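So you can see what is in the structure, the chains are spelled out below.
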Amino acid sequence: MDIFRPYILLYSFFILSFIVIQFYLHRYVRATGPGGISPRQKIENRVFWLYALLVFLFIGTRDALVGTDTISYVYFFRSPNFHYQGAATDPAFEFIGRFLRDLSTDDKFFIFADSLISCYGLFYLITKTSLNKLYALLLFLMAGTASITLFLYMSMMRQCTAMSFYFVSIYLFFSNTARKKRKYILAGALYMVAVLTHKSVLFSLPFILVAYFKPFKKSFWLIVLASSYVLSALNITFVNQILDIASNAVNFGHYENYRSLSFGFIEGKGWLNMYLLPFMAIAFMLLYLETNDKLKLWYNQLFLWGVLANNLFYNNLMWSRLILYLTILVIIVIPNALHGQKLKVQIGFSVPIFVYFIYKVATQLLAQAAFSAEGLIVVPYHSWLLDGILY
């Protein structure tokens, strides 16, 4: 069990402390205070930053062998020409690598500093949009489609760096401000930085534009989500063919793995495909709880597009990374949809969500500890800062 000890301690602390804090806030702290300032919100904000610091340290002080891609990015950092796996990488990420190496050549510093960039955008998104920041951060540790999001953040350094710029960009783009011209310029510039860090960000662009100009109502989502799930259950998909056509027209370069790769044997297809069903259930929870007006909020729309894409991309190996720009918004959608609901409603929806994602975390950790494990490996976990505490 020692090999799982860091994760047992991490998840036990966050889950149990979250339950205790939520009980205390609902039992003993007023929801509203003088001047409309919520005492609960004040306490949550203070605790959130402690939680955020712990999450960042867990990611940022990890050993180079934690996370399948981490060591490859360390070699990129050491490379005299900043090549990733023998080839030039995206220009913005190369610039970041060169800038960081001018500050220090230490591998630990590179992982730490790049994780700081990645976590900044994540924490920015949560603080700006979530109505329950502690809940959102806990979901970041637990939730995921094919892989748990925390595990992805400990592996795919370049994409998570891009996502940081992406999060700030989309928040600015959808925010209400008097200086519209300025916000569009800044949002566009940050989005371009994200694209130049990892070109897969471009996958999100059509969904962002649709969410901005044409947010859809419940009836639309009920029909398309149900239809897409039926298609996936019947193994009817055209995604690989579309990607084949696109790859013949455009050179995918080092993004070639985003096309024509099936992983269907990893988990059974059919009506009970557990890569798809949990997020479908969350989508229908959202449709049940939210009004049409609230459903039009940008993070709800992008999340629902992510669920749709999740259903359609179910047999592509890289789908969970490609659609992460949309599905990661589950960490915002669930707390916000439950905010203001009766306590029994919050508990009734939260308990099955927690139980399932705890199960998913446990099964992924057990699978990664197997001798024949491949892919996203975060076991065993080691940290130059936290090993003395976790072991």
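Residues numbered from 1 in each chain as written. Predicted model: local features only at pLDDT ≥ 70, side-chain atom pairs only at ≥ 80, totals over all residues. Heavy atoms only, no water.

K.L.:
How would you summarise the packing of aromatic side chains if you had to cite specific residues and measurements?
P.N.:
The full count for this structure, using the stated rule, is 49 aromatic pairs. Taken together, a centroid distance of 5.0 Å and an interplanar angle of 70 degrees make the contact between Phe-48 and Trp-49 edge-to-face. Between Tyr-73 and Phe-93, the aromatic rings sit 5.5 Å apart at their centres with planes inclined by 75 degrees, giving edge-to-face as the arrangement. You can see Tyr-73 sitting in helix α3 (residues 70-78) and its partner Phe-93 sitting in helix α4 (residues 91-103), a full 20 residues away along the chain. On the accessibility criterion, Tyr-73 (3% relative accessible area) is buried. Overall, the relative accessible area of 0% leaves Phe-93 in the buried class. Among the aromatic residues, those joined into a cluster by ring pairs are Tyr-73, Phe-76, Phe-77, Phe-82, Tyr-84, Phe-93 and Phe-110. Taking NZ or CZ as reference, Arg-158 lies 5.6 Å from the ring centre of Tyr-84, over its face. (Phe/Tyr/Trp six-rings, centres within 6.5 Å; stacked < 30°, edge-to-face > 60°. Helix = DSSP H or I, 4+ residues; strand = E, 2+ residues; numbered from the N terminus. Buried < 20%, exposed > 50% of the residue type's maximum accessible area, 1.4 Å probe, protein only. Lys NZ or Arg CZ within 6 Å of the ring centre and 35° of its normal.)

K.L.:
How would you summarise empty space enclosed by the protein if you had to cite specific residues and measurements?
P.N.:
What the rule picks out here adds up to two cavities of 30 Å³ or more. Considered as a void within the structure, the largest cavity measures approximately 60 Å³ in volume. Looking at the largest cavity, the residues that line it are Gly-144, Thr-145, Ser-147, Thr-149, Leu-152, Phe-279, Ser-320, Leu-324, Thr-327, Ile-328 and Val-330. For the lining of the largest cavity, the secondary-structure elements that each account for two or more residues are α7 (149-153) and α17 (324-327). Considering only residue class, the lining of the largest cavity consists of five nonpolar, six polar and no charged. Here the second largest cavity defines a volume of roughly 30 Å³. Taken together, Ile-59, Arg-62, Asp-114, Ser-115, Ser-118, Tyr-153, Met-157 and Cys-160 make up the full set of residues lining the second largest cavity. Here the element with the most residues in the lining of the second largest cavity is helix α5 (residues 107-129); it accounts for three residues. The class makeup of the residues in the lining of the second largest cavity is four nonpolar, two polar and two charged. (1 Å grid on protein atoms, 1.4 Å probe; cavity = no way out; pocket = protein on both sides within 12 Å on 5 of 7 lines; lining within 4 Å. Points joined across faces, edges and corners; volume = space filled by probe spheres on them. Nonpolar A, V, L, I, M, F, W, Y, C, P; charged D, E, K, R; others polar.)

K.L.:
Describe in detail helix α2 (residues 39-60), supporting the description with residues and values.
P.N.:
Its 22 residues give α2 an end-to-end C-alpha distance of 32 Å, which sits within 8% of 32 Å, the value for a rise of 1.5 Å per residue. Glu-44, Val-47, Phe-48, Tyr-51, Ala-52, Val-55, Phe-56, Leu-57, Phe-58, Ile-59 and Gly-60 are the residues of α2 that are buried. (Expected span 1.5 Å × (residues − 1).)

K.L.:
Outline a nonpolar patch on the surface, listing residues and values.
P.N.:
A contiguous nonpolar patch, built from Val-230, Leu-231, Leu-234, Ile-236, Trp-271 and Leu-272 and spanning about 570 Å² of accessible area, is present on the exposed surface. Among the structural elements, Leu-272 can be located in the loop between α12 (239-249) and α13 (277-289). Among the residues examined, Leu-272 registers a relative accessible area of 66% and is labelled exposed. (Patch = residues over 30% accessible without salt bridge, like charges linked within 9 Å, V, L, I, M, F, W, Y side chains within 5 Å. Areas by Shrake-Rupley, 256 points an atom, 1.4 Å probe, with all protein chains shown as cover. Salt bridge = Lys/Arg side-chain N within 4 Å of Asp/Glu carboxyl O.)

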